[in-house]
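Here's the letter readout for the chains.
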Amino acid sequence: MTDNGLRGVAYHEAGHAVVALALDLRVARVEIFHENNSGETDSENADHLPIEHRIAICVAGIQANKMF
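Residues numbered from 1 in each chain as written. Predicted model: local features only at pLDDT ≥ 70, side-chain atom pairs only at ≥ 80, totals over all residues. Heavy atoms only, no water.

Enquirer: Explain the overall build of the protein to me, and be specific about the residues and the numbers.
Expert: A tally of helices and strands in the protein yields 2 helices and 2 strands. For the protein, the C-alpha radius of gyration of 12 Å lies close to 11 Å, the compact-globule estimate for 68 residues. Looking at the protein as a whole, 22% of its 68 residues qualify as buried. Contacts in the protein between residues at least 24 apart in sequence constitute 47% of all its contacts with a sequence separation of at least 6. In the structure as shown, the protein presents an accessible area of about 4600 Å², 56% of it carried by carbon and sulfur atoms. Charge centroids of the protein, computed over 5 positive and 10 negative side chains, lie 4 Å from each other. (Helix = DSSP H or I, 4+ residues; strand = E, 2+ residues; numbered from the N terminus. Rg over C-alpha atoms; globule rule 2.2 N^0.38 Å. Buried < 20%, exposed > 50% of the residue type's maximum accessible area, 1.4 Å probe, protein only. Contact = heavy atoms within 4.5 Å. Areas by Shrake-Rupley, 256 points an atom, 1.4 Å probe, with all protein chains shown as cover. Lys, Arg positive; Asp, Glu negative; His and termini not counted. Charge placed at Lys NZ, Arg CZ, Asp CG, Glu CD.)

Enquirer: A description of a nonpolar patch on the surface should follow, citing residues and the corresponding values.
Expert: Nonpolar side chains collect at one region of the surface, where Tyr11, Met67 and Phe68 lie side by side and expose about 370 Å² of accessible area between them. Mapped onto the secondary structure, Tyr11 falls in helix H1 (residues 3-22). Residue classification places Tyr11 among the partly exposed positions, given a relative accessible area of 30%. (Patch = residues over 30% accessible without salt bridge, like charges linked within 9 Å, V, L, I, M, F, W, Y side chains within 5 Å. Salt bridge = Lys/Arg side-chain N within 4 Å of Asp/Glu carboxyl O.)

Enquirer: So what's going on with the pattern of salt bridges? Residues and values would help.
Expert: In a structure, side chains of opposite charge can pair up when their charged atoms sit close to one another. One pass over the full model with this rule turns up 4 salt bridges. Here Arg29 makes a salt bridge to Glu31, at a shortest N to O gap of 2.2 Å. Classification of Arg29 as partly exposed rests on a relative accessible area of 27%. Across the pair Glu40 and Arg29 runs a salt bridge, and its minimum N-O distance is 2.3 Å. Note that Glu40 is positioned in strand S2 (residues 38-43) and Arg29 in strand S1 (residues 27-33), a separation of 11 residues in sequence. When salt bridges that share partners are traced, they join Arg29, Glu31, Glu40 and Asp42 into one network.

Enquirer: Before we move on, could you go through the packing of H1 against helix H2 (residues 51-67) and cite the residues and values that matter?
Expert: Between H1 and H2, whose axes approach to 7 Å, the crossing angle comes to 145°. For H1 against H2, the interelement crossing comes out right-handed. Between H1, through Gly8, Tyr11, His12, Gly15, His16, Val19 and Ala20, and H2, the contact on the second element is made entirely by Ala56, Ile57, Cys58, Ala60, Gly61, Ile62, Ala64 and Asn65. Taken together, the residues of the contact of H1 with H2 sort by class into 9 nonpolar, 6 polar and no charged. (Axes fitted to C-alpha atoms, helices over the stretch in contact; angles between N-to-C directions. Left-handed = near helix turned anticlockwise from the far one by under 90°. Nonpolar A, V, L, I, M, F, W, Y, C, P; charged D, E, K, R; others polar.)

Listed below in structure tokens is the structure:
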């Protein structure tokens, strides 16, 4: 994967993390996997949040890619 591709994965995962933090969830880990061009963000369980907030966390990755 190119540097731009990895950067895109990083922005995507950061988007999830930033919105989770903005909603007062703890973020334990953000990881980028070079081997399979993917990433993972682990945050506190969001089941107690309203559905709109949970959707915002999910959509944040795609929106971060669009912005950057």
